Amino acid sequence: VDPEVAALQRTAAERKDVIGLSGGLPDTELMPREEIAVALAAVVRRADEALQYAWPEGVARLRAWIAKRLSARGADVSADDVIVTSGAQQALSLIGMAHRGKRIAVGEATYPAAIAAFERAGAEAVVDDGDARYVMPGVANPSGRELLAGMPGGVVIADEAYTELRYDGTLPRPLVADARDRVWHIGTLSKTVAPGLRVGWLVPPRGEHQELIDLKEASDLQTASVTQEAAAYLLTRFDYDAHIERSRAAYRKRCEVFCTALHEVAPQLAFDEPAGGFSAWIELPDERDELALLERAIENGVSFDPGRGFRPPGSTGPSAIRASFSNAPIDQLAEGARRLATTLGASASRRHS
Ligand code: PMP
């Protein structure tokens, strides 16, 4: 992450008068707080597992729950194929390590920490023509759009971080169901339950399984036992599907409020309506200094994520911003859209060639 951008975002996050449209955080109010509290207390008290070391692949009951949901969607995946990771982020990092020296195609704009994970692990993130392709089926970050119809060729890294949060409630068939030996499947509880748990997962192609277990063990031995046990306890007791349904409806509503307001105050800003997830990706009609725009935005009481962080190294594209409507109080989203429009308009003279 650009240190100047990071410093500005930290300042913005501390200011109560800034409507936060950056970061892409889930809505805290949707997190099943009581259920998580009960699960944590129960697993810590009931036996040693939650406090003891566990095997690197993760807690069996949690892996079974993950595998069951994937098989219900048509994938030939069993609990033994699943590796629990410390968030989807660690899965990206481990996959990067397994692709050291290779090129991973990520498209023109993608999740910045995926680019960082791949690059820091010794792989190269490129726009296209990679040895592998990184995709987000169903809901892409930053665009919120479904970018992909069908199954790409070659090695595919399928990040389903937001897939369950499609506003239309449809869940696409997982890519791993159609190409088990060349798809790396990634999932997480961060967007649907709580990111603080740091529970994600990875299903590597079968031939890569042992290598990934070794990489996982070398990285951190295992994902935290406490949160894995709590997640397994929670997921086998509460109605996860009903919870997802509520969350989808809540994010759909947030998206509608924000996008409607933005279209109203800035009709000249053309952007695709998100199909799910937390954010809208807005390409600007003119070339802008995105850092200066962010400074101006914070002065105006709103924040966003500058688009350049979403571009793979060395690539360029139109000036853009990602605005996340997922976490600011819903009754401030229209005002956030207004401040954003003011900022973008007010800075129209700050063109550079
Ligand atoms: N993939 C995508 C597309 C994301 O947006 C995120 C979180 N911003 C992650 C992976 C990582 O999520 P976590 O490590 O919290 O599971």
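Residues numbered from 1 in each chain as written. Predicted model: local features only at pLDDT ≥ 70, side-chain atom pairs only at ≥ 80, totals over all residues. Heavy atoms only, no water.

A. Quick look at the packing of helix α2 (residues 33–46) against helix α7 (residues 225–235). Running from N to C, α2 and α7 point in directions that differ by 115 degrees, and their axes come no closer than 8 Å. Judged by the sense of rotation from one axis to the other, the crossing of α2 with α7 is right-handed. Contacts between α2 and α7 involve E35, I36, V38, A39, L40, A42, V43, V44 and R46 on the former and, on the latter, V226, E229, A230, Y233 and L234. Each residue belonging to the contact of α2 with α7 can be placed in one class, and the counts come to eleven nonpolar, no polar and three charged. (Axes fitted to C-alpha atoms, helices over the stretch in contact; angles between N-to-C directions. Helix = DSSP H or I, 4+ residues; strand = E, 2+ residues; numbered from the N terminus. Left-handed = near helix turned anticlockwise from the far one by under 90°. Contact = heavy atoms within 4.5 Å. Nonpolar A, V, L, I, M, F, W, Y, C, P; charged D, E, K, R; others polar.)

B. Up close: the packing of aromatic side chains. Summed over the entire model, instances satisfying the criterion amount to seven aromatic pairs. On the numbers, 6.1 Å between centres and 35 degrees between planes, the contact of F258 with F325 is tilted. Separated by 67 residues along the polypeptide, F258 in helix α8 (residues 240–265) and F325 in the loop between β10 (320–324) and α10 (333–346) bring together distant segments of the chain. When its relative accessible area of 0% is taken as the criterion, F258 is described as buried. Here the basic side chain of R237 rests over the ring of Y233, its NZ or CZ set 3.6 Å away from the ring centre. (Phe/Tyr/Trp six-rings, centres within 6.5 Å; stacked < 30°, edge-to-face > 60°. Buried < 20%, exposed > 50% of the residue type's maximum accessible area, 1.4 Å probe, protein only. Lys NZ or Arg CZ within 6 Å of the ring centre and 35° of its normal.)

C. Focus on the sheet that holds strand β6 (residues 183–188). Within the open sheet, the seven strands sit side by side as β1-β7-β6-β5-β4-β2-β3. Their pairing is mixed. Both edges of this open sheet fall to β1 (83–85) and β3 (124–126), since each of them pairs with a single strand only. Averaged over all pairs of adjacent strands, the angle between strand axes in this sheet comes to 25 degrees, irrespective of strand direction. The pairing of strand β5 (residues 155–159) with β6 spans four bridges and is parallel. Note that in β6 the partner of D159 across the bridge is I186. Sheet strands in contact with helix α6 (residues 209–220) are β1, β6 and β7 (200–203), and its direction is about 30 degrees off that of β1. (Pairing = 2+ DSSP bridges.)

D. Representation of empty space enclosed by the protein. Applying the stated criterion across every chain yields a total of two cavities of 30 Å³ or more. Taken together, V139, A140, N141, P142, G144, Y162, G276, G277, F278, S279 and R322 make up the full set of residues lining the largest cavity. Looking at the lining of the largest cavity residue by residue, the classes come out as five nonpolar, five polar and one charged. Computed from the structure, the second largest cavity encloses a volume of approximately 50 Å³. (1 Å grid on protein atoms, 1.4 Å probe; cavity = no way out; pocket = protein on both sides within 12 Å on 5 of 7 lines; lining within 4 Å. Points joined across faces, edges and corners; volume = space filled by probe spheres on them.)

E. Region of the structure containing the site of the ligand. Around the ligand sit 14 residues, and of these A88, D159, T188, S190 and K191 come closest. Burial of the ligand by the protein amounts to 92% of the accessible area it has alone, namely 400 Å². Among the elements that take part in the shell around the ligand, helix α4 (residues 87–98) stands out by supplying three residues, more than any other. (Near = heavy atom within 4 Å. Areas by Shrake-Rupley, 256 points an atom, 1.4 Å probe, with all protein chains shown as cover.)

Honestly, that's just the spatial picture; any functional story needs more than this.
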